[in-house]
Amino acid sequence: MKSKHFSVGCWIAVCVAVFGCAPKNEKQVKESERIGFTLQRTLPHDTKSFTQGLLIHQGQLYESTGQEQSWIGVVDIQTGAPEKKVVLDDMYFGEGITILNNKVYQLTWKNKAGFIYSFPSFQKIGEFTYPGEGWGLTTDGRYLIMSNGTDQLSFIDSVTMKSVRSVSVVFDGQPVGKLNELEYANGFVYANVWQTDLIAKIDPRTGIVQGFLDLSTLAQQARSLNPQADVMNGIAWHSTTKTMLVTGKYWPFIFILKLKDSKPGT
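Residues numbered from 1 in each chain as written. Predicted model: local features only at pLDDT ≥ 70, side-chain atom pairs only at ≥ 80, totals over all residues. Heavy atoms only, no water.

Draft legend 1. Region of interest: the sheet that holds strand 16 (residues 179–185). Strand order across the open sheet formed by 4 strands is 16-17-18-19, with antiparallel pairing between neighbours. Unpaired on one side and paired on the other, strand 16 and strand 19 (209–214) mark the two borders of the sheet. This sheet shows a mean twist of 25 degrees between the axes of neighbouring strands, independent of strand direction. Relative to strand 19, strand 18 (residues 198–202) is paired through 5 bridges, and the arrangement is antiparallel. From the neighbouring strand, lysine 201 faces strand 19, where its bridge partner is glycine 211. (Pairing = 2+ DSSP bridges. Helix = DSSP H or I, 4+ residues; strand = E, 2+ residues; numbered from the N terminus. Axes fitted to C-alpha atoms, helices over the stretch in contact; angles between N-to-C directions.)

Draft legend 2. Expanded view of the packing of aromatic side chains. Evaluated as defined, the whole model comprises 13 aromatic pairs. Where tyrosine 62 meets phenylalanine 122, the ring centres are 6.0 Å apart and the plane angle is 35 degrees; that geometry is what we call tilted. On the criterion of sequence distance, the pair formed by tyrosine 62 in strand 3 (residues 60–65) and phenylalanine 122 in the loop between strand 8 (113–118) and strand 9 (124–129) is long-range, its members being 60 residues apart. Under the relative-accessibility criterion, tyrosine 62 is labelled buried at 7%. We classify phenylalanine 122 as buried; its relative accessible area is 6%. Among the aromatic side chains, those forming a connected cluster through ring pairs are Phe50, Phe93, Trp109 and Tyr250. Positioned over the ring face of tryptophan 109 is lysine 110, at 4.6 Å from the centre of the ring. The ring of phenylalanine 50 has lysine 249 sitting right over it, with the charged end atom 4.3 Å from the ring centre. (Phe/Tyr/Trp six-rings, centres within 6.5 Å; stacked < 30°, edge-to-face > 60°. Buried < 20%, exposed > 50% of the residue type's maximum accessible area, 1.4 Å probe, protein only. Lys NZ or Arg CZ within 6 Å of the ring centre and 35° of its normal.)

Draft legend 3. Expanded view of the pattern of salt bridges. As enumerated under the stated definition, the model contains 7 salt bridges in all. Taking the shortest distance from any N to any O, the salt bridge between aspartate 214 and arginine 34 comes out at 2.4 Å. Taken together, the positions of aspartate 214 in strand 19 and arginine 34 in the loop between helix 1 (8–19) and strand 1 (37–44) put the pair 180 residues apart, joining distant regions of the chain. The residue aspartate 203 makes a salt bridge to arginine 205 at a minimum N-O spacing of 2.9 Å. Connected through shared salt-bridge partners, Glu31, Arg34 and Asp214 make up one network. (Salt bridge = Lys/Arg side-chain N within 4 Å of Asp/Glu carboxyl O.)

Draft legend 4. Highlighting the pairing of strand 3. Burial runs high along strand 3: 5 of the 6 residues are buried. Two elements, strand 2 (residues 51–57) and strand 3, share 6 bridges in a ladder whose sense is antiparallel. Paired with threonine 51 across the bridge in strand 3 is threonine 65. Counting the residues in the hairpin turn of strand 2 and strand 3 gives 2 residues, including glutamine 58, whose phi is positive at 55 degrees. Linkage of strand 3 to strand 4 (residues 71–75), two consecutive antiparallel strands, is achieved through a turn of 5 residues, within which glutamine 67 is found at a positive phi near 75 degrees.

Draft legend 5. Expanded view of the side chain of asparagine 233. Considering the arrangement of structural elements, one finds asparagine 233 in strand 20 (residues 232–238). For asparagine 233, a relative accessible area of 0% puts it in the buried group. A polar contact of 3.5 Å, which involves the side chain of asparagine 233, links it to the backbone nitrogen of glutamate 181. Those residues in contact with asparagine 233 that sit more than four places away from it in its chain are Thr51, Gln52, Asn180, Glu181, Asn192, Thr247, Gly248 and Lys249. (Polar contact = N/O pair within 3.5 Å; in protein donor to acceptor, adjacent residues only side chain to side chain. Contact = heavy atoms within 4.5 Å.)

If you want it as structure tokens, here you go:
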């Protein structure tokens, strides 16, 4: 599972050889490279949820999880409890989800298999395959956008389920790997960078990172209340309130943020 712990030396070797590392950690991100935000409020989050995907659709919050009996569910924002709509067979480790054209798309980690469900019934209506691993999934309203744990984002035609293009994500000329959960908002892709408390803001046309959200203080708060809290993972954009919801695996909260870098017309 993606919560394995490695020695520092082992992790660096794996990161360089397989994933392509983020060029910076939280302490190395300059102030000018940080995206400001204010914390609006918190919502409860189920500390049994190994969060892999988070999204808001038609005003409703949805979550997908990994581990055994991975599920997709509607989340009650008052309690954090999920109403499970889909529970996968234990052979599948659930990953990111998104909704496009009244269909729900779900990735799995190592099975090279994705599932399609009708919306809002969540009845399974199809499957698709892809090379490599499945990590994060979002949509720009036209294409599905997928991450696979490297520095690559793939843009997938939702009819043929074939990749039409890919882009390498870079910052200061260096690849930003370990891209995990994704969210599309205001013309940009936001991506959790696995095993950091950073969210990268990516121009999907060029792959260039515009800046980072450093959520170290929120992660520390989550871990102080639940020592089992794992990595940050989960980004949802609320288009009506122009706020971003973020959480992590086994986190006790979903944090609602107002970003400070918004510009008129974006």
